[in-house]
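Architecture and fold: a report
The primary structure of each chain is shown beneath.
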Amino acid sequence: MLTAIGLMSGTSLDGVDVAMIETDGRKIRAFGPSGYRPYSEMERRLLRQALYEAVDLPQRDARPGILREAEQAVTLAHAEAVASFTAQHRITAQDIDIVGFHGQTVLHRPERRLTVQIGDGQALAKAIHIPVMHDFRAADVEAGGQGAPFVPVYHRALAQSLEREGPIVVVNIGGVSNITYIDGTDTLIACDTGPGNALLDDHMYRVFNQRFDTEGRTGAQGRVDEGWIAQALTLPFFALPPPKSLDRNDFSALKVGGMAPADGAATLTAFTATAIARIVPLLPKAPKSWIVAGGGARNLTMLRMLRERLAPASVEAADGLGWDSDAIEAQAFGFLAARGLKGLPLSYPATTGVPIPMTGGIIARP
């Protein structure tokens, strides 16, 4: 068994999640504490600019212009997150076997065999004095996989502990939404389903100067434009079978500017929920239960819309099962780092479309 810390900074650009986990890369022995280091508004502005400038990156190690500054900021934020977390919980560097460092995705273009997560693994290892595994997705993409979603093997480990009848689907609603379909020990299918919170968060920031729709209150007051959603769902992505993946900004051209602000929030929330439901006919069997994690699990309007669209299957928030919804992705990268250390697969043909099960990650030592 290894003691790992996982670090995750998602496409919502909210901050750095930290979580400790004890695992052998197959089973979870124990969950440790979790923590959070928010990005400052200045850091968020820098990362938004980095997303904009990363669109034309020619190769994954290029850091022109603002991207070098953004990478330094991401690395420093993660070092501060680890330092604060270990100090708070009186953990020493010697207590931790490995840190899983996802970095900040600024570009995801698997069709070009390109995925870019900024963050300097070597600099982080030196700063925290603990070995760091980073660059998890690159090997998968180079081999022809989608490089996402990457958390399904951890979702499977969590779901197996429930001992409930399948198929079970774990939905993570971050900036992008993705699902893991689990049916017994053999069937593991995963894909991105469409927008998560990114479009809604961008709308809330632009119109209300708020980072997100707290509990879905704004969306609850609006009217859904079903015609807008029907038109958006004609995009080719939604008809593709899994595995498939997205960049955070793949749907940024879709605008709700002509709607009343609350109607825009309601429509974008419903778009996410409807896109998730659209995956059901593309799965081997209709799922019996859905478990919702990520920031979207705290949006009560999103949960209501999912229940309406996924009935008669059950839909529940991950926290209700004793899982830490906010920490799941950070826990997952601790789990993946442990798997990577042992040379176990991180991705599979049915999760990312990679030709064979593949391990991944690069180890940086202090």
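Structure: above.
Bear in mind that the values here come from a model prediction, so they are computed numbers and not experimental data.

Some remarks on the pattern of salt bridges
Counted under the stated rule, the structure contains 18 salt bridges. The partner of glutamate 41 in a salt bridge is arginine 48, with the nearest N and O atoms 3.6 Å apart. Look at arginine 48 and you get partly exposed, because its relative accessible area is 28%. In this structure, arginine 60 and glutamate 142 form a salt bridge, with 3.4 Å as the shortest nitrogen-oxygen distance. Separated by 82 residues along the polypeptide, arginine 60 in the loop between α1 (41-53) and α2 (66-88) and glutamate 142 in helix α4 (residues 138-142) bring together distant segments of the chain. You can call arginine 60 partly exposed: its relative accessible area is 30%. If you follow the salt bridges from partner to partner, you end up with Arg37, Glu43 and Glu80 in one network.

Observations concerning the layout of surface pockets
In this model, the second largest pocket occupies a volume close to 300 Å³. Lining the second largest pocket are 16 residues, and of these Asp202, Arg206, Arg248, Asn249 and Ser252 sit closest to its centre. Taken together, the elements giving at least two residues each to the lining of the second largest pocket come down to α1 and α6 (198-208). Residues belonging to the lining of the second largest pocket are distributed by class as follows: eight nonpolar, three polar and five charged.

Some details on the packing of aromatic side chains
All told, the structure shown has eight aromatic pairs when counted by the stated rule. With a centroid separation of 5.2 Å and an interplanar angle of 55 degrees, the aromatic rings of tyrosine 154 and phenylalanine 335 are classed as tilted. A residue pair is termed long-range when its members are at least 10 positions apart, and tyrosine 154 in helix α5 (residues 152-160) and phenylalanine 335 in helix α11 (residues 328-341) qualify at 181 residues. The same class applies to tyrosine 154 and to phenylalanine 335, which are both buried. Both rings, one in phenylalanine 238 and one in phenylalanine 251, keep their centres 5.4 Å apart while their planes meet at 20 degrees; by these two values the pair is stacked.

What counts, and where the lines are drawn
- Residues numbered from 1 in each chain as written.
- Predicted model: local features only at pLDDT ≥ 70, side-chain atom pairs only at ≥ 80, totals over all residues.
- Heavy atoms only, no water.
- Salt bridge = Lys/Arg side-chain N within 4 Å of Asp/Glu carboxyl O.
- Buried < 20%, exposed > 50% of the residue type's maximum accessible area, 1.4 Å probe, protein only.
- Helix = DSSP H or I, 4+ residues; strand = E, 2+ residues; numbered from the N terminus.
- 1 Å grid on protein atoms, 1.4 Å probe; cavity = no way out; pocket = protein on both sides within 12 Å on 5 of 7 lines; lining within 4 Å.
- Points joined across faces, edges and corners; volume = space filled by probe spheres on them.
- Nonpolar A, V, L, I, M, F, W, Y, C, P; charged D, E, K, R; others polar.
- Phe/Tyr/Trp six-rings, centres within 6.5 Å; stacked < 30°, edge-to-face > 60°.

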